[in-house]
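Close look at the chain arrangement
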Amino acid sequence: MALLLLVRHGHSTANADAVLAGWSEGVGLTDRGRTDVGRLASRLTDAGTDVARLVTSPLQRCRETASLLLPGASAEVVDDLGECHYGAWTGRPIAELVSEPLWRTVQDDPSTARFPDSEHYAAESLAEMAERITSTVRRIDAEVEAERGPDAVWVAVSHGDPIKAVLADAMGAGLAGLQRVHVDPASVSVVRWSGGRSMVMAVNSSGGAIRTHQGAAKDVPAGDNTIGGGTG
């Protein structure tokens, strides 16, 4: 099957403010984010990667990332690559969310976690998000292989939790393994499906030094994974 490069959007204004962006409007890349994505774009260029298809979440931070990653390429917006719908948690500081009882469910039993309803933002469970994203990337992967062959490479720009869900599924860990995966902004993870099996080729690759901390870690209990994929 084709080779999928899963790219998390670059460092955003919500990452800088340590809030759970979700589907909030107006969350774009910071200067740091644009620089980091530019570095990733150079890695793709240096590798001579011929990208058969570029797809992106509809949210601003992902669309900006896609345009910087492959300048001149036409990015296809796919709604189902969007962030998890966090409902009433949307826009709230991570420092507040860690004290909510639901936080522990998200960390310890993500398959049962559903975010609270809101008048302003849609809400879904982590299981619904995981099904949405995994079925979408598998569908597109099959389309790319049918159109361009088994050696084709394609890129999906998405968000922390959706990318973690794809990786956990590809590793065979399922949703129970969601919080055992970490992906930084402007990182790339690589997955290939072949012969009914999935293989994770790389996780959280940024091309720089290995980071030993997460942003805003002071707000998050030891061993927990920041909802939304990190704020650093």
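What comes next is a walk through the structure. (Residues numbered from 1 in each chain as written. Predicted model: local features only at pLDDT ≥ 70, side-chain atom pairs only at ≥ 80, totals over all residues. Heavy atoms only, no water.)

The next point concerns the overall build of the protein. Tallying secondary structure elements over the protein gives seven helices and six strands in all. Reading the protein from its N terminus to its C terminus gives the helix and strand order β-α-α-β-α-β-α-α-α-β-α-β-β. Overall, the protein is about 50 × 40 × 35 Å in size when its C-alpha atoms are taken along their principal axes. Within the protein, the fraction of its 232 residues that count as buried is 51%. (Helix = DSSP H or I, 4+ residues; strand = E, 2+ residues; numbered from the N terminus. Buried < 20%, exposed > 50% of the residue type's maximum accessible area, 1.4 Å probe, protein only.)

Another point: the packing of aromatic side chains. If you walk through the whole model with that rule in mind, you get two aromatic pairs. Ring centres of Tyr 86 and Phe 115 lie 4.9 Å apart, and the angle between their planes is 90°; this geometry places the pair in the edge-to-face category. Residue Tyr 86 is located in the loop between β3 (76–77) and α4 (94–97), and its partner Phe 115 is located in the loop between α5 (101–108) and α6 (126–148); the two are separated by 29 residues in the primary sequence. Comparing Tyr 86 with Phe 115, the two get one shared label, buried. Here the aromatic rings of Trp 89 and Phe 115 are separated by 5.5 Å at their centres, their planes lie at 65°, and the arrangement is edge-to-face. Residue Trp 89 is located in the loop between β3 and α4, and its partner Phe 115 is located in the loop between α5 and α6; the two are separated by 26 residues in the primary sequence. With relative accessibility at 1%, the residue Phe 115 sits in the buried group. Here the aromatic cluster, defined as three or more aromatic residues joined through ring pairs, consists of Tyr 86, Trp 89 and Phe 115. (Phe/Tyr/Trp six-rings, centres within 6.5 Å; stacked < 30°, edge-to-face > 60°.)

Attention now goes to the pattern of salt bridges. Applying the stated criterion across every chain, the model contains 14 salt bridges. Where Glu 100 meets Arg 92, a salt bridge forms, and the shortest distance between an N and an O atom there is 3.0 Å. Judged by its relative accessible area of 22%, Arg 92 falls in the partly exposed class. With its nearest N and O atoms 2.6 Å apart, the salt bridge here joins Glu 124 to Arg 132. With respect to class, Glu 124 is no different from Arg 132; both count as buried. Each of Arg 53, Glu 76, Arg 139 and Glu 143 takes part in salt bridges that share partners, so that together they form one network. (Salt bridge = Lys/Arg side-chain N within 4 Å of Asp/Glu carboxyl O.)

It is worth spelling out the side chain of His 11 at this point. For His 11, the location among the structural elements is in the loop between β1 (3–8) and α1 (13–17). Given a relative accessible area of 6%, His 11 falls into the buried group. Of note is the side chain of His 11, whose polar atom sits 2.8 Å from the side chain of Thr 30. (Polar contact = N/O pair within 3.5 Å; in protein donor to acceptor, adjacent residues only side chain to side chain.)

Take the sheet that holds strand β2 (residues 51–56) next. Strand order in the open sheet formed by six strands is β3-β2-β4-β1-β5-β6, with mixed pairing between adjacent strands. Since the sheet does not close on itself, it has two edges, and those belong to β3 and β6 (197–205), each with one partner. Sheet topology note: the strand β5 (residues 188–194)/β6 ladder contains six bridges and is antiparallel. Counterpart to Arg 192 in the pairing with β6 is Met 199. In the packing of α6 onto the sheet, contacts are made with β1, β2, β4 (153–158) and β5, and the angle to β2 comes to roughly 155°. Relative to the sheet, helix α7 (residues 160–170) contacts β1, β4, β5 and β6, its axis offset from that of β1 by approximately 145°. (Pairing = 2+ DSSP bridges. Contact = heavy atoms within 4.5 Å. Axes fitted to C-alpha atoms, helices over the stretch in contact; angles between N-to-C directions.)

Across the interface, helix α2 (residues 31–46) lies against helix α3 (residues 60–69) with an axial gap of 8 Å and an inter-helix angle of 40°. Looking at the two axes, α2 sits oblique to α3. Two packed elements cross with a definite hand, and for α2 against α3 that hand is right-handed. Contacts from Arg 34, Val 37, Leu 40, Ala 41 and Leu 44 of α2 reach α3 at Thr 65, Leu 68 and Leu 69. When the residues that make up the contact of α2 with α3 are grouped by side-chain class, the tally is six nonpolar, one polar and one charged. (Parallel < 35°, antiparallel > 145°, perpendicular 65-115°, else oblique. Left-handed = near helix turned anticlockwise from the far one by under 90°. Nonpolar A, V, L, I, M, F, W, Y, C, P; charged D, E, K, R; others polar.)

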